[in-house]
Amino acid sequence: MRWLRRRRRSEPVGPDPRAVAEQFWRSWTVVLPLVSAALGDGDPKRYEAVMCDLVAGIHPDLHWSIERGERAVYALVVSGQEDPRLRPYTDAWKAAAPPEDLMWEYHDAVPPVPDPTAVTVNLGERRVRLADVRVAAQVDESEGVVDVAVHHPELANLAGEQRTAMVFLALDATLGERLAGRRLRRVEPADREPENAVDLLQLRALVRGMGETEDTPEGAGG
């Protein structure tokens, strides 16, 4: 049985978070016309290298994405994937962000999508429908956490990083990165569908029913 865990590291790293965050937002105003034009043309490759450089300027271990927004047209996400070393950088980045407007909103962790079962992700040459994900969930009420086994029919055909990415993409899309990081203890990929498995929306209802939502401040609830 192979359990997957997000990396937890605690050693201090990097330059002053506030300084690099402020530099990011100065550069963002310069590259925004390029990003907007590429999005309008449906050609993300035109801005990917630029955005990779901008985010790496905050810290090279950060991840980023541009998604459809909930309140605005687009959402810019810069995430440390719940690595505590990187929290000062994502906190500073979010604190220095400009006000949200009709076009852009900003997230320092992957937010849940409204309906994860409507999402299809590309992993290499494979297109993976999250509607086909099934999850066996075991609740530890004394600890306030859940152990999960995640199955998808394509999972047996994936290996290495793609396999891990598919599992965590499904969970983060369902719960949001912060809630998944707090409530999920052990995560197991399952090549065969487990008994008594539920879909992603049922998993979301189960975890949120434990006393918090994705936006609950860390340390609250449960």
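Coordinates for the structure precede this section.
Numbering of residues begins from 1 in every chain and follows the order in which that chain's sequence is written. Per-residue local features of the predicted model are confined to residues with pLDDT of at least 70, and side-chain atom pairs are confined, for both listing and counting, to 80 or more; whole-chain, interface and lining totals are unaffected and use all residues. The basis for every side-chain value is the complete set of non-hydrogen atoms in the structure, without hydrogens or water.

Asks: Would you take a moment to explain the packing of helix H1 (residues 17-41) against helix H3 (residues 87-95) for this structure?
Replies: Any two packed helices are characterised by the angle at which their axes cross and by the distance between the axes. The interhelical angle for the contact between H1 and H3, taken along N-to-C directions, is 45°, at an axis separation of 8 Å. On the basis of their axis angle, the class for H1 and H3 is oblique. Note on packing geometry: the crossing formed by H1 with H3 is right-handed. Residues Pro-17, Arg-18, Val-20, Ala-21, Phe-24 and Trp-25 of H1 form the contact with H3, whose own contacting residues are Pro-88, Tyr-89, Ala-92 and Trp-93. Fitted lines through C-alpha atoms give the axes, limited to the stretch in contact for helices. The angle between two N-to-C directions lies from 0 to 180 degrees. Each helix is a run of DSSP H or I of at least 4 residues and each strand a run of E of at least 2, with the numbering of both proceeding from the N terminus. An angle counts as roughly parallel when it lies under 35 degrees, as roughly antiparallel when it exceeds 145, as roughly perpendicular when it falls between 65 and 115, and as oblique in every other case. Crossings are sorted by hand: turned counterclockwise from the far helix by less than a right angle, the near helix makes the crossing left-handed, and turned clockwise it makes it right-handed. The contact criterion used is simple: two residues touch if any of their non-hydrogen atoms lie within 4.5 Å.

Asks: Help me understand the sheet that holds strand S1 (residues 63-68), please; the structure alone is not making it clear to me.
Replies: By definition, the strands of a sheet pair up through backbone hydrogen bonds, in either a parallel or an antiparallel sense. For two strands to pair, DSSP has to find at least two bridges joining them. The three strands lie next to each other as S1-S2-S3, forming an open sheet whose pairing is mixed. The sheet terminates laterally at S1 and strand S3 (104-107), the two strands that pair on one side only. The sheet shows a mean angle of 20° between the axes of neighbouring strands, direction not considered. Inspection of the sheet shows S1 paired to strand S2 (residues 74-79) by six bridges, in the antiparallel sense. The partner of Trp-64 across the bridge, within S2, is Val-78. The strands touched by H1 are S1, S2 and S3; relative to S3, the strand with the most contacts, the crossing angle is about 125°.

Asks: I tried to follow the packing of aromatic side chains on my own but got confused; where do I start?
Replies: Between 30 and 60 degrees the pair is tilted, below 30 it is stacked and above 60 it is edge-to-face, where a pair is any two Phe, Tyr or Trp rings, Trp via its six-membered ring, whose centres lie within 6.5 Å. According to the stated counting rule, one finds ten aromatic pairs in the structure shown. On the basis of an interplanar angle of 80° and a centroid distance of 5.0 Å, the ring pair of Trp-25 and Tyr-106 is categorised as edge-to-face. Within this pair, whereas Trp-25 is found in helix H1, its partner Tyr-106 is found in strand S3, the two being separated by 81 residues in sequence. Like Trp-25, the residue Tyr-106 is buried in the burial classification. Taken together, the ring pairs connect Phe-24, Trp-25, Trp-28, Tyr-74, Trp-93, Trp-104 and Tyr-106 into an aromatic cluster. Note on exposure labels: buried denotes an accessible area under 20% of the residue type's maximum, exposed denotes more than 50%, and partly exposed covers the range between, all computed with a 1.4 Å probe on protein chains only.

Asks: For this particular structure, what's the right way to read unusual backbone geometry?
Replies: Most peptide bonds adopt trans geometry, and most residues besides glycine take a negative phi value. Positive phi, close to 60°, is recorded for Asn-196, a residue that is not glycine. Locating Asn-196 in the fold gives a position in the loop between strand S8 (184-190) and helix H6 (200-208).

Asks: Before we go on, may I ask you to explain H1 in this structure?
Replies: An α-helix turns once every 3.6 residues. As a result, residues three or four positions apart point the same way. If you check H1, its first and last C-alpha atoms are 34 Å apart, about what 25 residues at 1.5 Å a residue would give, namely 36 Å. Bend, at a single residue, is the angle you get between axes fitted to the 7 residues ending at that residue and the 7 residues starting at it. Val-31 marks where H1 bends most, by close to 50°; the proline Pro-33 follows one to four residues later. Residues of H1 that are buried: Pro-17, Val-20, Ala-21, Phe-24, Trp-25, Ser-27, Trp-28, Val-31, Val-35, Ala-38 and Leu-39. Buried residues along H1 sit in contact with helix H2 (45-58), S1, S2, H3 and S3. Of the residues one or two after H1, Gly-42 is the one with positive phi, at around 70°. A helix is expected to span 1.5 Å for every residue after the first.

Asks: I tried to follow empty space enclosed by the protein on my own but got confused; where do I start?
Replies: Grid spacing is 1 Å over the protein atoms alone, the probe is 1.4 Å, and a cavity is where that probe fits but cannot get out, while a pocket is an open set with protein on both sides within 12 Å along at least five of seven lines and lining residues have an atom within 4 Å of a point. Grid points are joined across faces, edges and corners, and a volume is the space filled by probe spheres set on the points. Counting across every chain of the model gives one cavity of 30 Å³ or more. By volume, the largest cavity is sized at about 50 Å³. As for the largest cavity, its lining consists of Gly-80, Gln-81, Glu-82, Asp-83, Leu-86, Arg-87, Thr-90, Asp-108, Glu-177 and Arg-178. Every element with two or more residues in the lining of the largest cavity is listed here: H3 and helix H5 (177-183). Three categories are distinguished: nonpolar for Ala, Val, Leu, Ile, Met, Phe, Trp, Tyr, Cys and Pro, charged for Asp, Glu, Lys and Arg, and polar for the others, with Gly belonging to the last. In terms of residue class, the lining of the largest cavity is built from one nonpolar, three polar and six charged.

Asks: Would you mind going over the pattern of salt bridges with me for this structure?
Replies: A side chain with one charge can pair with a side chain of the opposite charge if their charged atoms come near. Whenever Lys or Arg places a side-chain nitrogen within 4 Å of a carboxyl oxygen from Asp or Glu, that contact is recorded as a salt bridge. All chains considered together, the criterion is met by eleven salt bridges. Of the charged contacts, one joins Asp-61 and Arg-85 as a salt bridge, the two residues approaching to 2.7 Å between their closest N and O atoms. Within this pair, whereas Asp-61 is found in the loop between H2 and S1, its partner Arg-85 is found in the loop between S2 and H3, the two being separated by 24 residues in sequence. Here Arg-185 and Asp-147 are joined by a salt bridge, their closest N and O atoms 2.8 Å apart. Taken together, the residues Arg-185 in strand S8 and Asp-147 in strand S7 (residues 145-151) connect sequence positions 38 residues apart.

Asks: Quick question: what am I supposed to make of the sheet that holds S7 here?
Replies: Strand order in the open sheet made by the three strands is S6-S7-S8, with mixed pairing throughout. Two strands in the sheet have a free side with no partner beyond their single neighbour: strand S6 (134-140) and S8. Strand-to-strand, the axes of this sheet are offset by a mean angle of 15°, without reference to chain direction. Its contacts with the sheet place helix H4 (residues 160-175) against S7 and S8, and it is angled at close to 130° to S8. Where H6 meets the sheet, it contacts S6 and S7, and its direction lies at approximately 15° from that of S6.

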